[in-house]
Amino acid sequence: MKEVFSWLKAIVVALVIAFVIRTFIFVPVIVEGESMMPTLHNADRMIVSKISNYVGELDRGDIVVFHATESKDYIKRVIAIPGDTLEYRDDVLYINGEAVEEPYLDEFRAQMNGFPLTENFTLEQVTGESVVPEESYFVMGDNRQNSKDSREIGFVSKEEIVGKTNFIFWPLDDVGTVED
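Residues numbered from 1 in each chain as written. Predicted model: local features only at pLDDT ≥ 70, side-chain atom pairs only at ≥ 80, totals over all residues. Heavy atoms only, no water.

An unreviewed UniProt entry annotates the protein chain as Signal peptidase I of Exiguobacterium sp.. Its UniProt record gives the protein chain a comment under Catalytic activity (unreviewed entry), which states: "Cleavage of hydrophobic, N-terminal signal or leader sequences from secreted and periplasmic proteins." (UniProt positions renumbered as here; feature names shortened; annotations may be inferred.)

Here it is in structure tokens:
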């Protein structure tokens, strides 16, 4: 009887630890679709760090997972943070009037043969706001021509964000951190 109780106690402790880790520290996620190509591919499996929700702020360039609907999460890149202005002109991103390099788009740009990867727009044209509101973020997929992102769904509030991700654990050929 002592041995059964010991095993039961160990199982309960393991379940509590697993629950705490999954609820407050990290959770696995599967990339669905091609909106983050070439950085991420359909069916990549990643670890989402929920710690970023409790410590620190999100930065431009971070890849985040957020609740897009009650039943669907999206994975996108943070392009603008609270207080930022944003404009895309001639396939160049301008944040607060300054041109910003996006090296993660180089592979797709090379395939475009001089055609723009991202169409011209301003923050006000797509959201009706001139700056990103407090506690909100403007996010976009790296596959700019095939991504449902803030250009369509609007800002993502901080409370909708599950966490940051930059570590692929499957497929084994791609294991490692995602480079900006």
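Picking up after the structure, the text goes on.
As a further point, take the pairing of strand β4 (residues 73-80). For β4, a buried count of seven out of eight residues is recorded, marking the element as mostly surrounded by other parts of the structure. Bridge analysis of strand β3 (residues 63-67) against β4 gives five bridges, and the strand direction is antiparallel. Note that in β4 the partner of F66 across the bridge is Y74. Between β3 and β4, which pair antiparallel and follow one another directly, the connecting turn spans five residues. Pairing of β4 with strand β9 (residues 136-140) involves three bridges; the strand directions are antiparallel. (Buried < 20%, exposed > 50% of the residue type's maximum accessible area, 1.4 Å probe, protein only. Helix = DSSP H or I, 4+ residues; strand = E, 2+ residues; numbered from the N terminus. Pairing = 2+ DSSP bridges.)

Gaps left between atoms are located by rolling a probe of water-molecule size over the structure's atoms. Each pocket or cavity is described by its volume, and for the largest pocket that value is around 310 Å³. Considering the residues around the largest pocket, the lining is formed by 15 residues, among which E32, K72, D73, Y74 and I75 are closest to the centre. Secondary-structure elements contributing two or more residues to the lining of the largest pocket are β1 (26-30) and β4. For the lining of the largest pocket, the leading source of residues is β4, giving four residues. Each residue belonging to the lining of the largest pocket can be placed in one class, and the counts come to six nonpolar, three polar and six charged. (1 Å grid on protein atoms, 1.4 Å probe; cavity = no way out; pocket = protein on both sides within 12 Å on 5 of 7 lines; lining within 4 Å. Points joined across faces, edges and corners; volume = space filled by probe spheres on them. Nonpolar A, V, L, I, M, F, W, Y, C, P; charged D, E, K, R; others polar.)

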